[in-house]
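# Observations on chain architecture
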Amino acid sequence: MSVVLTTASVPDRDKVEYWNDAVSRALVPMEVAPRGVGPFDGRIATSRLAYLQVSTVEADAGRVSRTPALIARSSEPLVAVGVQTSGTATFVQDGRRAEVGEGDLVVYDTTRPYSFDYPRRFATHVFQLPRRTLGVPDSDIRQVTGNAIGTGHGFGAMLLPFLATLASSPADRYPPAVADRLAGNVVELFATLITERAHPGGTDTDAPSHLVRRVRDHINRNLGDPDLSPEGIARAHRISVRYLHRLFEGEGTTVSRFIRQRRLEECGRELGRRGGTTPTVSAVAQRWGFVSPAHFSRSFRAAYGVSPREWRTLRTAEDDRAGATGAAPVPGLPAGVPVAGRHQAGPAPAGDSG
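Throughout what follows, the structure given in this document is the object of discussion. On a predicted model such as this, the values are computed, not experimentally measured, just so you know.

Tallying secondary structure elements over the protein chain gives twelve helices and eleven strands in all. Per-residue burial for the protein chain yields a buried fraction of 47% across its 354 residues. In the protein chain, 70% of the contacts between residues at least 6 apart in sequence involve partners at least 24 apart. On the protein chain, roughly 17100 Å² of surface is accessible, and the fraction owed to carbon and sulfur atoms is 52%.

Take a look at the structure:
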C-alpha cells in the first residue's frame, strides 16, 4: 500500500513545517529549508517491498540537510540510492561535492551527515534499504558516496530503467514472495553498483559474496551447535530467512545442505584420524552437531556410501597400505569404496527440505 503525503490541503503558513515532518517520517529525520518566498509545494509517495522502501519526492526548490543531531534520532542504519528524474541538485557527503543532473544516481549513507541543494523544483526516486543487507564493506560505501553516477552507459544505463519501472509500479500488486524476491534483486544490483564504483579496475569481489563468506564463516564456527539453523543464521546477520536462502541459491545448494555437508566432512576427517584416543562414532557425531546417532549414520552413508564405522576401518586400512607400499591414499576417500559411492554429497538425503 502506497502512503501519500502532500502539502496541497495544508494552510500556507503551515506548509513548511508540515513538509519537514512528512519527509522526516517517510524517509529519515531531515531539515528542509525552502528557497522560494511563496507557498511551498511538496508531495511524497512511499511504498514497501519487503525490507526495501521506495519513495518518489516532488517538491519546490530547497535545501535538505541531515545533521548529526538528526542522525542520533534514527534507529537502523540505511543506505539510499536516489534517482534524479527532473531538476538538478548539489549533493555533499563525506567531504565530496557532486552536481547531480537528470537521470543521475547518487548513493548515500544515512548514518553520516549529507545535504541536497535543489535550486528549482525537482523530482527524485529514493530507494532505502538496511545497510546490513548489502554485504559490502563500509569502506566501499564511503568511496561511492558524494558522487554523481551517470546512467548514459555501463551498469548505470542498465540499472536506471529497472529502478524507474519499480518506482512507478504499485507495491501492493506483488504477493509477499515476489516482493521479497524483488527486494533481493535490488540489494544485489545496489551491491554490484557500489562494488563496481569502489573498484573500477575490477576485482574478484562479487557483490553478494561478502555476505555469503560471512555466513559460511559463521556456519563453520558454529558447526558443533545442534541448534544451528537458517533462522538463527539469518537473525545473527540481520537479514530475512528468505534472503538467506536466496544467497545460497546462487551457490547451488541450500543452507541446511551446506550445514550438513560441512558437519559430515568434519566427522569424516575426525573418524579417519589415527593416533591418540579414538573417540566413539556417537561422540564424533555429537561434537559436530548431530543430535541423533541414527540420523547421523543415515546421512553419512547417503553421502559417502559406507557407514561411519566402515569409513573408519577402511581409512585405517588405506593408511596402513599406503604406509607399507608408499602409495598415496586418495584424499578424503576410503580404499575399497566403489567410485560411484564415493563422497556424493550433492544429492540431498530424503527428507531434507533445505
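This part is about the pairing of strand β5 (residues 62-66). Most of β5 is tucked away, with four of its five residues classed as buried. Bridge count for strand β2 (residues 31-34) against β5 is four bridges, and the pairing is antiparallel. Looking at β5, one finds that P34 is bridged to G62. Relative to strand β10 (residues 114-118), β5 runs antiparallel, the two being bridged by five bridges. Within the sheet, the bridge partner assigned to S65 lies in β10 and is S115.

Mapped onto the secondary structure, S2 falls in the segment before β1 (3-6). Linking S2 and D172, residues 170 residues apart in sequence, is a C-alpha distance of 7.8 Å. Those residues in contact with S2, other than ones at most four positions away along the chain, are A45, T46 and S47.

What follows deals with the environment of G156. Structurally, G156 is set in helix α4 (residues 154-168). Taking the C-alpha atoms as reference points, G156 and L105, 51 residues apart in sequence, are found 7.9 Å from one another. Ignoring anything within four residues of it in the chain, the contact list for G156 reads G150 and T151.

Before going further, it helps to spend a moment on the pattern of salt bridges. In the structure shown here, the tally under the stated rule is 20 salt bridges. With a closest N to O distance of 2.8 Å, R112 and D94 form a salt bridge. One end of the pair, R112, is in the loop between β9 (105-109) and β10; the other, D94, is in the loop between β7 (89-93) and β8 (96-100), with 18 residues separating them in the sequence. Given a relative accessible area of 8%, R112 falls into the buried group. When the shortest N-O distance is used, the salt bridge between R131 and D138 registers 3.5 Å. Of the residues examined, R131 reaches a relative accessible area of 26% and is grouped as partly exposed.

Turning to helix α9 (residues 255-271), a few remarks are in order. Along its 17 residues, α9 runs 24 Å from first to last C-alpha, staying within 8% of the 24 Å computed at 1.5 Å per residue. Burial analysis of α9 places 13 of its 17 residues in the buried class, which makes it a mostly covered element.

The next subject is unusual backbone geometry. The backbone of A50 sits at a positive phi, close to 55°, despite the residue not being glycine. On the secondary structure map, A50 appears in the loop between β3 (42-49) and β4 (52-59). For A50, a relative accessible area of 37% translates into the label partly exposed. You will see that D94, though not glycine, has its phi angle at about 55°, which is positive.

Here we take up the nonpolar core. Core analysis: the biggest nonpolar cluster contains 48 residues, and L52, F127, L134, F190 and I219 have the highest contact counts within it. If one sorts the elements of this core by residue count, helix α5 (residues 176-198) sits on top with ten residues. Residues within four places of I219 in sequence aside, it is in contact with L228, I233, F248, V255, F258 and I259. Within the second largest apolar cluster, 26 residues are counted, among which are L27, V32, F116 and Y118.

A word on the packing of α5 against helix α8 (residues 241-249). In contact at an axis separation of 10 Å, α5 and α8 are set at 60° when each is read in the N-to-C sense. Comparing their axes, α8 and α5 come out oblique. Considering only the axes of α5 and α8, their crossing is right-handed. Between α5 and α8, the residues in contact are P176, A177, D180, R181, G184, N185, V187 and E188 and R242, Y243, R246 and E249, respectively. Of the residues that constitute the contact of α5 with α8, the class distribution is four nonpolar, two polar and six charged.

Conventions adopted
- Residues numbered from 1 in each chain as written.
- Predicted model: local features only at pLDDT ≥ 70, side-chain atom pairs only at ≥ 80, totals over all residues.
- Heavy atoms only, no water.
- Helix = DSSP H or I, 4+ residues; strand = E, 2+ residues; numbered from the N terminus.
- Buried < 20%, exposed > 50% of the residue type's maximum accessible area, 1.4 Å probe, protein only.
- Contact = heavy atoms within 4.5 Å.
- Areas by Shrake-Rupley, 256 points an atom, 1.4 Å probe, with all protein chains shown as cover.
- Pairing = 2+ DSSP bridges.
- Salt bridge = Lys/Arg side-chain N within 4 Å of Asp/Glu carboxyl O.
- Expected span 1.5 Å × (residues − 1).
- Core = buried A, V, L, I, M, F, W, Y, C linked by side-chain atoms within 4.5 Å.
- Axes fitted to C-alpha atoms, helices over the stretch in contact; angles between N-to-C directions.
- Parallel < 35°, antiparallel > 145°, perpendicular 65-115°, else oblique.
- Left-handed = near helix turned anticlockwise from the far one by under 90°.
- Nonpolar A, V, L, I, M, F, W, Y, C, P; charged D, E, K, R; others polar.

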